[in-house]
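# A structural walkthrough
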Amino acid sequence: WVFWPNLKLTEVDMSLWIYALIVIATFFFMEFVAWSAHKYVMHGFLWNWHEDHHRPHHQKDGFFEKNDRFFLVFAIPSAASYMLGSMTPQFWLFFVGVGISLYGLAYFLIHDVYIHRRFKWFDQLDGNYSRGILRAHGAHHAKQTKEDGESFGLLLVHPRYFRKRRRDAMKG
C-alpha cells in the first residue's frame, strides 16, 4: 500500500469502513444540527440574518440574501475538521469534515437549487419524497415572522407532508 505500507489488507479495509461510517454518521447528524440551528439560531438571535430569506422573491434586493452568511458559518466546523484531521493524529476528524461538506452540498442542491430554484439546474421532481419536502418547506415559509414556525428540517420532515400527497392522489 502506497499510503499505509505497514498495514495489512484487512486493517486497511477496516479503516476504510470506519471512515465511511464516520462520514455517513456525520452527514445524518448534520440534519439535527441544521434543524436545531434553524429553529433556535436562525429563528432566534440571528433572525436579522435569516429574515430576508422568508420574504417573497419579488421583495428581495439582488441575488444574494443575508441568509447566505450561514453557508460560511457552517463551513467553519467543516474546514476546522479537515485541518485538525490533517495536522493532528486524530485523522478521523478529516472524515467528519467530509460528512459536513457532503451535507452542505446536499443542503445547497435541495434547498437552493431544487426548492427555491435559485439556479435552474434541473426540473421539478415528482416523487413522493420530493413533494413532501416541498410541502414542508412551503409550510415553513408560510410564516414570515420568526415566531410560530414549523418544519425546520430539510431531509427529515413530518409524515403529514407525505400523507397529504396520498390523499390528493386518491381524490384525482
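The structure under discussion appears in the preceding block.
Summary of the structure given here. None of these values were measured; they are calculated from a predicted model. (Residues numbered from 1 in each chain as written. Predicted model: local features only at pLDDT ≥ 70, side-chain atom pairs only at ≥ 80, totals over all residues. Heavy atoms only, no water.)

### Observations concerning the overall build of the protein chain
- Along the protein chain, the regular secondary structure elements total six helices and zero strands.
- Among the 172 residues that make up the protein chain, the fraction classed as buried is 36%.
- Put simply, 53% of the contacts in the protein chain that link residues at least 6 apart link residues at least 24 apart.
- Element-wise, carbon and sulfur atoms account for 67% of the exposed surface of the protein chain, whose accessible area totals about 11,100 Å². (Helix = DSSP H or I, 4+ residues; strand = E, 2+ residues; numbered from the N terminus. Buried < 20%, exposed > 50% of the residue type's maximum accessible area, 1.4 Å probe, protein only. Contact = heavy atoms within 4.5 Å. Areas by Shrake-Rupley, 256 points an atom, 1.4 Å probe, with all protein chains shown as cover.)

### Observations concerning the packing of aromatic side chains
- Scanning all chains against the criterion turns up 19 aromatic pairs.
- Aromatic pair Tyr19 and Phe95: ring centres 4.2 Å apart, planes at 10 degrees, arrangement stacked. One end of the pair, Tyr19, is in helix H1 (residues 9-45); the other, Phe95, is in helix H4 (residues 92-115), and 76 residues separate them in sequence. Phe95 shares its class with Tyr19; the two are buried. (Phe/Tyr/Trp six-rings, centres within 6.5 Å; stacked < 30°, edge-to-face > 60°.)

### Regarding the nonpolar core
- Within the largest apolar cluster, 20 residues are counted, with the highest numbers of intra-cluster contacts made by Tyr103, Ile115 and Leu154.
- Sorting the residues of this core by element identifies H1, H4 and helix H5 (128-141) as the ones contributing at least two each.
- Of the residues forming this core, the biggest block, 10 residues, is contributed by H4.
- Non-local contacts of Tyr103, meaning those with residues more than four positions away in its chain, are made with Phe27, Met30, Glu31, Ala34, Leu154 and Leu155.
- Of all hydrophobic cores here, the second largest spans five residues; its members include Ala136, Ala139, Tyr161 and Phe162. (Core = buried A, V, L, I, M, F, W, Y, C linked by side-chain atoms within 4.5 Å.)

### Notes on the pattern of salt bridges
- Taken as a whole, this structure holds three salt bridges when the rule is applied.
- Salt-bridge contacts for Arg118 lead to Asp68; the nearest nitrogen and oxygen are separated by 2.8 Å. Linking Arg118 in the loop between H4 and H5 with Asp68 in the loop between helix H2 (47-50) and helix H3 (69-87), this pair joins segments that are 50 residues apart in sequence. Asp68 matches Arg118 in its accessibility class, with the two residues each being buried.
- Linking Glu150 and Arg160 is a salt bridge whose minimum nitrogen-to-oxygen distance equals 3.3 Å. Of this pair, Glu150 sits in the loop between H5 and helix H6 (160-171) while Arg160 sits in helix H6, placing them 10 residues apart in sequence.
- You can call Arg160 partly exposed: its relative accessible area is 37%.
- By sharing partners, the salt bridges in this structure join Asp68, Asp112 and Arg118 into a single network. (Salt bridge = Lys/Arg side-chain N within 4 Å of Asp/Glu carboxyl O.)

### So, H5
- With 14 residues, H5 should reach 20 Å at 1.5 Å per residue; the first-to-last C-alpha distance of 20 Å fits that figure.
- Every buried residue of H5 is accounted for by Ser130, Gly132, Ile133, Leu134, Ala136, His137, Ala139, His140 and His141. (Expected span 1.5 Å × (residues − 1).)

### Structural notes on unusual backbone geometry
- Even without a glycine there, the phi angle at Arg117 is positive, about 55 degrees.
- Of note, Arg117 is situated in the loop between H4 and H5.
- Phi is positive for Ser151, which is not a glycine, with a value near 55 degrees.
- The residue Ser151 is located in the loop between H5 and H6 in this model.
- A relative accessible area of 16% means that Ser151 is categorised as buried.

### Comments concerning the side chain of His53
- Tracing the sequence through the fold places His53 in the loop between H2 and H3.
- Within the structure, the side chain of His53 is placed 3.3 Å from the side chain of His116, a separation counted as a polar contact.
- The contact partners of His53, leaving out residues within four places of it in the chain, are Lys60, Glu65, Asn67, His111, His116, His137 and His141. (Polar contact = N/O pair within 3.5 Å; in protein donor to acceptor, adjacent residues only side chain to side chain.)

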